[in-house]
Amino acid sequence: MERGFEAFRVSSIARRAGLTSGAVYARWPTKTDVAVAALDHIFERILPTRRLKDSGVDSMGPLDMISMLGANLLVDDETRGVMVHVFSAARNNEEIRECLRGYIHQRAQEIHDILTEGQEAGLWDPELSAAALCLLAQAVGIGVHLLLSAGLEERFVPTEDEWNTVMARFYSALTQPDAPTT
């Protein structure tokens, strides 16, 4: 996915994996099948609960989990470029679009579950829709990835401390005045 859907060659992937093209095609008959399998693998690794678990913080409370996910939006990793390629390829390829749709739905479900748990624990205002908060979280996450991968000028990119200050203020605006902090 580092080259994008249109530019990648199955023969290059096979070579890098120490396989023949025939061995790859025996498992995945088309270039799209190879791309979808790669995306499924990547998406599994970047789902919110997997990222939290991999960082050892999956036992945190919902507010801390959402805060951690928000704080990590500025971290540059391989997924940023992949997501740009996937959104681009999804415009013209139904299988890629379905793979992306599945990932987005699963990501939304995981974020929604964390937000719902937080609402049930009285962490944020019950009048706020978990669905609306989930959509906002997804939009911010995807938007940050797209903007940063497009090469947004450094002067428009906050420092980690600046970002965390904004995110903390945002989270505190959502909480109830007497809500627990974790």
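Coordinates for the structure precede this section.
Help me understand the packing of aromatic side chains, please; the structure alone is not making it clear to me.
Pairs of aromatic rings are described using the distance from one ring centre to the other and the angle between the two planes. All told, the structure shown has two aromatic pairs when counted by the stated rule. Centroid distance Phe43 to Tyr103: 4.2 Å. Interplanar angle 20 degrees. Geometry classified as stacked. Note that Phe43 is positioned in helix α3 (residues 31-46) and Tyr103 in helix α7 (residues 94-120), a separation of 60 residues in sequence. Classification of Tyr103 by relative accessible area gives buried; the value is 6%. Over the face of the ring belonging to Phe8 we find Lys31, whose NZ or CZ atom lies 5.0 Å from the ring centre.

Teacher, can you tell me more about the side chain of Gln138 here?
Mapped onto the secondary structure, Gln138 falls in helix α8 (residues 130-149). A polar atom in the side chain of Gln138 sits 3.3 Å from the backbone oxygen of Ile104. Setting aside residues no more than four positions away along its own chain, Gln138 makes contact with Ile104, Arg107, Ala108 and Ile111.

How should I be thinking about helix α1 (residues 10-17) in this particular structure?
Helical geometry: 3.6 residues make up each α-helical turn, so side chains three or four residues apart lie on a common side. Buried within α1 we find Val10, Ser12 and Ala14. In this fold, the buried residues of α1 make contact with α2 (21-27) and α3. Gly18 lies just past α1 and shows a positive phi near 75 degrees.

It is not clear to me how helix α9 (residues 160-174) should be interpreted in this structure. Could you clarify?
With 15 residues, α9 extends 21 Å between its outermost C-alpha atoms, agreeing within 8% with the 21 Å of an ideal straight helix rising 1.5 Å per residue. Taken residue by residue, α9 has Trp163, Met167, Tyr171 and Leu174 as its buried positions. Down the axis of α9, the buried set is contained in an arc of 65 degrees. They therefore lie on one face. Along α9, exposed side chains directed more than 90 degrees from the buried face belong to Asp161, Val166, Arg169 and Ala173. Where the residues of α9 are buried, they touch α5 (62-71) and α8.

What should I look at first to understand the packing of α5 against α7 in this one?
How two helices sit against one another is set out by the angle between their axes and by the gap between those axes. One way to put it is that α5 packs onto α7 with a least axis distance of 8 Å and a crossing angle of 140 degrees. Considering their axes alone, α5 and α7 lie oblique with respect to each other. Crossing of α5 against α7: the hand is left-handed. Residues Pro62, Met65, Ile66 and Leu69 of α5 form the contact with α7, whose participating residues are Ile111, Ile114, Leu115, Glu117 and Gly118. Looking at the contact of α5 with α7 residue by residue, the class counts come to seven nonpolar, one polar and one charged.

Cut-off values and rules
- Residues numbered from 1 in each chain as written.
- Predicted model: local features only at pLDDT ≥ 70, side-chain atom pairs only at ≥ 80, totals over all residues.
- Heavy atoms only, no water.
- Phe/Tyr/Trp six-rings, centres within 6.5 Å; stacked < 30°, edge-to-face > 60°.
- Helix = DSSP H or I, 4+ residues; strand = E, 2+ residues; numbered from the N terminus.
- Buried < 20%, exposed > 50% of the residue type's maximum accessible area, 1.4 Å probe, protein only.
- Lys NZ or Arg CZ within 6 Å of the ring centre and 35° of its normal.
- Polar contact = N/O pair within 3.5 Å; in protein donor to acceptor, adjacent residues only side chain to side chain.
- Contact = heavy atoms within 4.5 Å.
- Expected span 1.5 Å × (residues − 1).
- Arc of directions from axis to C-beta.
- Axes fitted to C-alpha atoms, helices over the stretch in contact; angles between N-to-C directions.
- Parallel < 35°, antiparallel > 145°, perpendicular 65-115°, else oblique.
- Left-handed = near helix turned anticlockwise from the far one by under 90°.
- Nonpolar A, V, L, I, M, F, W, Y, C, P; charged D, E, K, R; others polar.

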